[in-house]
Amino acid sequence: MVQVYEMMMLVCFGLSWPFNIAKSLRSRTAKGKSVLFEIMIIIGYLFGVAGKLIDGNITYVLAFYALDILLVGTDLMLTFRNRRLDREREKV
């Protein structure tokens, strides 16, 4: 049952990232975004994965960690892209 609760936590956290990614794509700006925040989220997920691996508790929940890391990583890359776009707009 613990695995189900952990998976549901990851699903709930993960549901917000597609909306954030869509907003990053539409806005084309990094204003209001924090690279450090997104990196800390990824590090937190990596600690969760490490805990699973160290404990030997390798289950389907790892797939949810991977998906969440992928989503946050996508938004992080968009933040870097949008920062570049912001700098280019400032030059004009």
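See above for the structure.
The notes below deal with the structure included here. All of these numbers come straight from a predicted model, not from anything done at the bench. (Residues numbered from 1 in each chain as written. Predicted model: local features only at pLDDT ≥ 70, side-chain atom pairs only at ≥ 80, totals over all residues. Heavy atoms only, no water.)

1. Focus: unusual backbone geometry
Okay, step 1: The phi torsion at Arg28 lies on the positive side, around 55°, for a residue other than glycine.
Okay, step 2: Along the chain, Arg28 turns up in the loop between helix H1 (2-27) and helix H2 (35-55). (Helix = DSSP H or I, 4+ residues; strand = E, 2+ residues; numbered from the N terminus.)

2. Points about the pattern of salt bridges
Okay, step 1: Tallied over the entire structure, the rule returns five salt bridges.
Okay, step 2: Taking the shortest distance from any N to any O, the salt bridge between Arg84 and Glu88 comes out at 3.0 Å. In this pair, Arg84 and Glu88 are both assigned in helix H3 (residues 61-91), four residues apart and thus about one turn of the helix distant.
Okay, step 3: Here Arg89 makes a salt bridge to Asp86, at a shortest N to O gap of 2.5 Å. Here Arg89 pairs with Asp86, and both are found in helix H3, just three residues apart, close to one helical turn.
Okay, step 4: On the accessibility criterion, Arg89 (44% relative accessible area) is partly exposed.
Okay, step 5: Given a relative accessible area of 9%, Asp86 falls into the buried group.
Okay, step 6: Three or more residues are tied together by salt bridges with common partners; here these are Lys33, Glu38 and Asp75. (Salt bridge = Lys/Arg side-chain N within 4 Å of Asp/Glu carboxyl O. Buried < 20%, exposed > 50% of the residue type's maximum accessible area, 1.4 Å probe, protein only.)

3. Comments concerning the nonpolar core
Okay, step 1: Membership of the largest hydrophobic core comes to 15 residues, with the highest contact counts inside it found for Leu10, Trp17, Tyr45, Val61, Tyr65 and Val72.
Okay, step 2: Within the residue set of this core, elements represented by two or more residues are H1, H2 and H3.
Okay, step 3: It is H3 that provides the largest number of residues to this core, a total of seven residues.
Okay, step 4: The residues touching Val72, leaving out its near neighbours within four places in the chain, are Trp17, Glu38, Ile41, Ile42 and Tyr45. (Core = buried A, V, L, I, M, F, W, Y, C linked by side-chain atoms within 4.5 Å. Contact = heavy atoms within 4.5 Å.)

4. Focus: the environment of Leu76
Okay, step 1: Looking at the secondary structure, you find Leu76 in helix H3.
Okay, step 2: Take Leu76: its relative accessible area is 8%, and that puts it in the buried class.
Okay, step 3: With 39 residues separating them along the chain, Leu76 and Phe37 place their C-alpha atoms 9.6 Å apart.
Okay, step 4: With residues near it in sequence (within four places) discarded, Leu76 still touches Val35, Glu38, Ile39 and Ile42.

5. Quick look at a nonpolar patch on the surface
Okay, step 1: Together, Met1, Val4, Tyr5, Met8 and Tyr60 line one region of the surface with nonpolar side chains, adding up to about 560 Å² of accessible area.
Okay, step 2: Look at Val4 and you get partly exposed, because its relative accessible area is 34%. (Patch = residues over 30% accessible without salt bridge, like charges linked within 9 Å, V, L, I, M, F, W, Y side chains within 5 Å. Areas by Shrake-Rupley, 256 points an atom, 1.4 Å probe, with all protein chains shown as cover.)

6. Observations concerning the packing of H1 against H2
Okay, step 1: Running from N to C, H1 and H2 point in directions that differ by 155°, and their axes come no closer than 14 Å. When the axes of H1 and H2 are compared, the pair comes out roughly antiparallel. Between H1 and H2 lies a crossing whose hand is left-handed. From H1, Gln3, Glu6, Leu10, Phe13, Trp17 and Asn20 reach across to H2, where they touch Phe37, Glu38, Ile41, Tyr45 and Lys52. (Axes fitted to C-alpha atoms, helices over the stretch in contact; angles between N-to-C directions. Parallel < 35°, antiparallel > 145°, perpendicular 65-115°, else oblique. Left-handed = near helix turned anticlockwise from the far one by under 90°.)

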